[in-house]
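Chain residues, written in single-letter form:
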Amino acid sequence: LIKNDKKDEAKAILSQLQKLDSNLEKQVKTIVTQHLDGEDLGAFRGGMNVLGIKTVVVVDNDSSVQNELMQILLEMGIEDTHVFSDGKAAFDFVESNGAPDLIIQEWKIPKVTGPLLVQRFHELCPASPIVVYSSLLDKNDSPFIREMGVATVLRKPTAKNDIVKSLMWTIQQ
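Here's a quick rundown of the structure. Owing to the predicted nature of the structure, the values given are computational and were not obtained by experimental measurement. (Residues numbered from 1 in each chain as written. Predicted model: local features only at pLDDT ≥ 70, side-chain atom pairs only at ≥ 80, totals over all residues. Heavy atoms only, no water.)

1. A short note on the packing of aromatic side chains
For any pair of aromatic rings, the description rests on two quantities: the centre-to-centre distance and the angle between the ring planes.
(1) Moving on: Going through the model one piece at a time under the given rule, you end up with two aromatic pairs.
(2) Moving on: Centre to centre, the rings of Phe 84 and Phe 93 are 5.3 Å apart; their planes meet at 45 degrees, and the pair counts as tilted.
(3) Moving on: What makes Phe 84 buried here is its relative accessible area of 14%.
(4) Moving on: Between Phe 91 and Phe 121, the aromatic rings sit 6.3 Å apart at their centres with planes inclined by 40 degrees, giving tilted as the arrangement. Taken as a pair, Phe 91 in helix 4 (residues 87-97) and Phe 121 in helix 5 (residues 114-124) lie far apart in primary sequence, 30 residues in all.
(5) Moving on: Judged by its relative accessible area of 0%, Phe 121 is buried.
(6) Moving on: For the cation-ring pair, Arg 120 lies above Phe 91, with the distance from its terminal atom to the ring centre recorded as 5.6 Å.
(7) Moving on: Sitting over the ring of Tyr 133, Lys 156 keeps its end group 5.6 Å from the ring centre. (Phe/Tyr/Trp six-rings, centres within 6.5 Å; stacked < 30°, edge-to-face > 60°. Buried < 20%, exposed > 50% of the residue type's maximum accessible area, 1.4 Å probe, protein only. Helix = DSSP H or I, 4+ residues; strand = E, 2+ residues; numbered from the N terminus. Lys NZ or Arg CZ within 6 Å of the ring centre and 35° of its normal.)

Have a look at this one:
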């Protein structure tokens, strides 16, 4: 992008990489030093949604988890995130507004439980990948949950970098 005189796009991607994966900081700084005259990417506010995700539905009744996921998704360039504290409200939203590009949900949620919500989402929007993010599941539960059609199972708490990598892997699949 830099060589094709698309510096703003390059800055957006480099800035996003720097935010999403702190392990890449050294490589990003090297590129910025060599090709962008050491410009400070921290001042760059442009965001780029490199995965092409437009809409995400998050279902979790823990406000700190909601905020954490919203921040991660925003840093990934996803601005259209809808957060719900219960399964019924999330399902009603999807039923009224159409299929999101990604669904992230807790397993134990009020009004419509995790397993039932997964089933309903699959009927309503079969192409939307579902990520279950829960502390209530262990490794033995993962095969069963994947058989239900869940793309990824993440155990709470998970480091930000691991959440990002899992979401990227899920979307790329």
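2. Quick notes on the nonpolar core
(1) Moving on: With 21 residues, the main nonpolar core has Val 57, Leu 117, Phe 121, Ile 130, Val 132, Ile 145 and Val 150 as its most contacted residues.
(2) Moving on: Listing elements by their share of this core, those giving two or more residues are strand 1 (55-59), helix 4, helix 5 and strand 4 (130-134).
(3) Moving on: Top contributing element to this core by residue count: helix 4, with four residues.
(4) Moving on: Beyond its immediate stretch of four places on either side in the chain, Ile 130 contacts Ile 103, Gln 105, Val 118, Phe 121, His 122, Val 150, Ala 151 and Thr 152.
(5) Moving on: By size, the runner-up hydrophobic cluster in this structure holds 18 residues, among which are Val 58, Leu 102, Tyr 133 and Leu 167. (Core = buried A, V, L, I, M, F, W, Y, C linked by side-chain atoms within 4.5 Å. Contact = heavy atoms within 4.5 Å.)

3. Remarks on the sheet that holds strand 4
(1) Moving on: The sheet built from five strands is open, its strands ordered 2-1-3-4-5 with parallel pairing. Taken across any chain shown, the strands that pair with only one partner, and hence form the sheet edges, are strand 2 (80-84) and strand 5 (152-155). Ignoring strand direction, the axes of neighbouring strands in this sheet form an average angle of 15 degrees.
(2) Moving on: Where strand 3 (residues 102-105) lies against strand 4, three bridges are found, and the strand directions are parallel. Each bridged residue has a counterpart across the sheet, and for Ile 103 the counterpart in strand 4 is Ile 130.
(3) Moving on: Each of strand 1 and strand 2 touches helix 4; the most contacted strand, strand 1, lies at about 160 degrees to it. (Pairing = 2+ DSSP bridges. Axes fitted to C-alpha atoms, helices over the stretch in contact; angles between N-to-C directions.)

Keep in mind these values describe shape, not function.
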